[in-house]
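Here is how the chains run, residue by residue.
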Amino acid sequence: MIEIIFQKKQDAWSLYQHLIARLASWPETDSILLNEDRNRVQIPTQLYIEGILQELKRSFYDFIILTKREEWFRTILAESYLFTEVEEQDQIIEIIYSVLEGDREELAPFMEGVEENGLIEKAVNEIFNEKISFSFDSFVKFRLKAYGEQLSQWVEIAIDEYKMEQEYQVFVHTLRSFLSDRKPQLAHLYLIIDENMSFYDQYFIEIKRSELFKAIDRKLLVNHPVYVDSGTIAPLLSIAPKNIYLYTDDAQQPLVRTIINIFEERVKISPISAFCLDKENFLSEDSENIR
């Protein structure tokens with residue numbers, strides 16, 4: 001009989017459940033025992049045959065990834081960084097998961113390092129191939145030491161991103177408040193964001209940079225000198241148009257997202273190719289009205 005020994009009763013129970021579920025199709029599953037009094041999962045050596053052994057290893061791997069990894073994240077957050085609120089922990093951990101799932105490519109280079117799956121699988125293979133009883137906590141401390149260090153690095157990166165996102169939300173909220181008190185200077189403003197930015201008034205007449213600069217409310221640059229882009233955000237906030245027709249071929253770029261977050265329903269997005277057609281339609285309608 002090979003035993004896996006835990007400090008926590010809940011860990012022993014959780015691994016036992018993983019094993020029973022994973023090996024449900026094998027009649028030998030009944031021989032796996034849980035010693036709740038001693039926090040031990042007992043596995044008969046006769047289960048260490050090729051087919052069942054692979055399932056044992058996979059179940060143990062799943063236990064680490066699906067159960068223990070998030071618990072370790074929360075422990076690191078609470079003990080090393082004093083993030084004890086569950087809601088904050090959830091948001092930071094969600095950042096890590098989004099990177100691991102490929103949804104935040106900009107952060108991926110910062111989270112490279114130890115290859116998670118390979119490291120854990122190697123350690124699991126070694127300990128099960130040795131066919132010995134072992135302490136789970138010692139296994140984590142020594143054989144998964146590099147993995148634990150990797151998790152700490154991931155948490156640190158996610159915390160930095162979380163803090164920046166919090167600052168960004170405060171920034172957006174402040175500018176929305178500023179905007180709500182502004183009287184619109186134009187009914188419509190047309191904005192092209194490509195390699196360069198071009199502003200057009202409600203008559204499709206281009207607004208020169210010098211005119212934009214003169215339109216900027218200086219309070220914006222005094223109160224938010226670091227965050228407010230004097231070339232785009234500051235003029236838009238100062239003019240405070242009722243509608244912004246924004247033309248871009250990359251609606252996900254940070255500047256475009258920021259404009260949308262600040263101006264919300266005032267913004268209408270179109271591809272750059274639509275600008276000329278919209279201008280022609282406006283001029284055509286305008287000429288018809290003159291006649």
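Please refer to the structure placed before this passage.
Source: prediction; values computed, not measured.

(A) Main features of the overall build of the chain. Scanning the chain for helices and strands turns up 11 helices and 8 strands. Whereas a compact globule of 291 residues would reach a radius of gyration of roughly 19 Å, the chain reaches 29 Å, over 25% beyond that. In terms of overall dimensions, the chain has C-alpha extents of about 95 × 40 × 30 Å along its principal axes. Evaluated residue by residue, the chain yields a buried proportion of 41% over its 291 residues. Excluding contacts between residues fewer than 6 apart, the proportion of contacts in the chain whose partners are at least 24 apart in sequence is 66%. Of the roughly 16600 Å² of accessible surface on the chain, 49% is carried by carbon and sulfur atoms.

(B) Geometry of the nonpolar core. Within the largest apolar cluster, 52 residues are counted, with the highest numbers of intra-cluster contacts made by L56, F60, I64 and F139. Listed by contribution, the elements that provide at least two residues to this core are β1 (2–5), α1 (9–22), β3 (40–43), α2 (50–81), α3 (86–100), α4 (116–129), α5 (136–143) and α6 (145–180). F60 has contacts with I4, L15, V124, F128, F134, F136 and F139, leaving out every residue within four places of it along the chain. Of all hydrophobic cores here, the second largest spans 27 residues; its members include V172, I207, A234 and L236.

(C) The arrangement of the pairing of strand β6 (residues 197–200) in detail. By the bridge criterion, 4 bridges tie strand β5 (residues 188–193) to β6 in an arrangement that is antiparallel. Bridge pairing in β6 links I193 to M197. Counted along the chain from β5 to the antiparallel partner β6, the turn is 3 residues long.

(D) Region of interest: the sheet that holds β1. Ordered in space as β2-β3-β1-β4, the 4 strands form an open sheet in which the pairing is mixed. Bordering the open sheet on either side are β2 (33–35) and β4 (134–135), each of which pairs with just one other strand. Sheet analysis places β1 next to β3, joined by 4 bridges and oriented antiparallel. Bridge pairing in β3 places E3 opposite Q42.

(E) Fine view of the side chain of N39. Mapping N39 onto the fold places it in the loop between β2 and β3. Within the structure, the side chain of N39 is placed 3.2 Å from the backbone oxygen of Q7, a separation counted as a polar contact. Ignoring sequence-local partners within four residues, the contact set of N39 consists of I4, I5, F6, Q7, K8, K9 and A12.

(F) Seen up close, the environment of R38. Following the sequence through the fold, R38 ends up in the loop between β2 and β3. Along the primary structure R38 and S25 are separated by 13 residues, whereas in three dimensions their C-alpha atoms are 28 Å apart.

(G) Just the sheet that holds β5, in detail. Sheet architecture is open: 4 strands sit in the order β6-β5-β7-β8, paired in mixed fashion. Looking at which strands have only one partner, the edges of the open sheet turn out to be β6 and β8 (267–270). Adjacent strand axes in the sheet meet at a mean angle of 20 degrees, parallel and antiparallel pairs treated alike. On the sheet, helix α10 (residues 254–263) packs against β5, β6, β7 (243–247) and β8 and is oriented at approximately 150 degrees with respect to β8.

(H) Layout of the environment of Y81. Topologically, Y81 is positioned in helix α2. In this structure the C-alpha to C-alpha distance between Y81 and V155, which are 74 residues apart in sequence, comes to 9.3 Å.

(I) Region of the structure containing the packing of α4 against α6. Two numbers describe how α4 lies on α6: the axes approach to 10 Å, and their chain directions differ by 155 degrees. Put simply, α4 runs roughly antiparallel to α6. The way α4 lies across α6 gives a crossing that is left-handed. Each of E116, L119 and I120 in α4 lies in contact with α6, whose residues at this interface are A146, Y147 and W154.

(J) A look at unusual backbone geometry. Not every positive phi belongs to a glycine, and L82 is a case in point at roughly 60 degrees. Along the chain, L82 turns up in the loop between α2 and α3. Positive phi outside glycine occurs at E264, with the angle close to 50 degrees.

Definitions and limits used
- Residues numbered from 1 in each chain as written.
- Predicted model: local features only at pLDDT ≥ 70, side-chain atom pairs only at ≥ 80, totals over all residues.
- Heavy atoms only, no water.
- Helix = DSSP H or I, 4+ residues; strand = E, 2+ residues; numbered from the N terminus.
- Rg over C-alpha atoms; globule rule 2.2 N^0.38 Å.
- Buried < 20%, exposed > 50% of the residue type's maximum accessible area, 1.4 Å probe, protein only.
- Contact = heavy atoms within 4.5 Å.
- Areas by Shrake-Rupley, 256 points an atom, 1.4 Å probe, with all protein chains shown as cover.
- Core = buried A, V, L, I, M, F, W, Y, C linked by side-chain atoms within 4.5 Å.
- Pairing = 2+ DSSP bridges.
- Polar contact = N/O pair within 3.5 Å; in protein donor to acceptor, adjacent residues only side chain to side chain.
- Axes fitted to C-alpha atoms, helices over the stretch in contact; angles between N-to-C directions.
- Parallel < 35°, antiparallel > 145°, perpendicular 65-115°, else oblique.
- Left-handed = near helix turned anticlockwise from the far one by under 90°.

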